[in-house]
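Structural characterization, general
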Amino acid sequence: MNIFKTAVAACVVIVLSGCASQSVVKRYSTCSGKSFNQLLEATELKPLFNDIARELCSEPCVNEDGTPTETRSKCSSGNDSTDYSVLITDFVDIQSFAPASQGLLMGELMRGSLSSVCSTKITQVEFAKFFNLNERGLVVLSRKVSEIKKDEYDQTEAVVGTYSYLNNKIVIFVRKINVVSGKISRMVTREIDYNCAGGTVSYSVK
């Protein structure tokens, strides 16, 4: 009987220890104690935005007969005009529909990456100048060329960035949009998953 009681007690201890260890793993694997800024500080942002820029500015090059060749960041048939530039907005949070310090940082990184990786000429604009983000989604505010050209901006193409912060995850959305037609010519998404096991921050990008 005593042997049976001892065995039961040992099992209880093992079960409780198992529960405790699971609780610890769960607590340290989540990043609920880390702020948005702390997660961004632990992220190599420049390579991330350089990679996004490569996708935005790369386009399939074509031969004279129209058959595709390789893909590169700039094609002879592409936007090689010396006066060509792109409107680039600061990034806005899709929950609050407004830019924050993180969105300003992402906007600057996007402009720097497009300039260095793609040699794109940049015009910085406020998100609210041409776009509105609400519960119905992203809306192009100005679709008429005359409305754009009467202002200081004469570009019709824009790179628009939004982001979402969800505890262990930051998702970044970047769209290249024709502000006249509202057509999205290219969209790039990056999902950054964070792991705070052992008190250190690690992450993966997909």
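The preceding data block contains the structure.
My aim in this report is to walk through the structure given alongside it, one point at a time. Everything quoted here is computed from the prediction, not taken from an experiment. Starting afresh in each chain, residues are numbered from 1 along the sequence in its written order. At least 70 in pLDDT is required for a residue's local features to be given in this predicted model, at least 80 for side-chain atom pairs to be given and counted, and no such filter applies to totals for whole chains, interfaces and linings, which use all residues. Side-chain measures here rest on the full set of heavy atoms in the structure, leaving out hydrogens and waters.

1. Quick word on the packing of aromatic side chains
Here a pair means two rings of Phe, Tyr or Trp (six-membered ring of Trp) with centres within 6.5 Å. Their orientation is stacked below 30 degrees between planes, edge-to-face above 60, and tilted elsewhere. Scanning all chains against the criterion turns up five aromatic pairs. Plain terms: the ring middles of F127 and F131 are 5.9 Å apart, the flat faces sit at 45° to each other, and that makes the pair tilted. Working definition: with a 1.4 Å probe on protein chains only, accessible area under 20% of the residue-type maximum means buried, over 50% means exposed, and in between means partly exposed. A relative accessible area of 2% means that F131 is categorised as buried. Summarising the aromatic geometry, the rings of Y194 and Y203 are spaced 5.8 Å apart at their centres and angled 50° between planes, so their arrangement reads as tilted. Take Y194: its relative accessible area is 5%, and that puts it in the buried class. Residue Y203 is classed as partly exposed on the basis of its relative accessible area of 28%.

2. Remarks on the packing of helix α3 (residues 45-57) against helix α4 (residues 101-118)
Their axes nearest at 8 Å, the elements α3 and α4 cross at an angle of 60°. Classified by the angle between their axes, α3 and α4 sit oblique to one another. Crossing hand, α3 versus α4: right-handed. Of the residues in α4, those touching α3 at L45, K46, F49, N50, I52, A53, R54, L56 and C57 are L105, M106, L109, M110, S113, L114, S116, V117 and C118. Counted by class, the contact of α3 with α4 contains 13 nonpolar, three polar and two charged residues. Only C-alpha atoms enter the line fits that serve as axes; for helices the fit covers just the stretch in contact. Angles between N-to-C directions range over 0 to 180 degrees. Only DSSP runs of H or I reaching four residues or more are called helices, and only runs of E reaching two or more are called strands; each is numbered from the N terminus. What sets the label is the angle itself: under 35 degrees gives roughly parallel, over 145 gives roughly antiparallel, 65 to 115 gives roughly perpendicular, and the rest give oblique. We call a crossing left-handed when the near helix sits turned anticlockwise from the far one by less than a right angle, and right-handed when that turn is clockwise. Throughout, a contact is declared for two residues whenever any of their heavy atoms are within 4.5 Å. Asp, Glu, Lys and Arg are counted as charged, while Ala, Val, Leu, Ile, Met, Phe, Trp, Tyr, Cys and Pro are counted as nonpolar; the rest, among them Gly, fall into the polar class.

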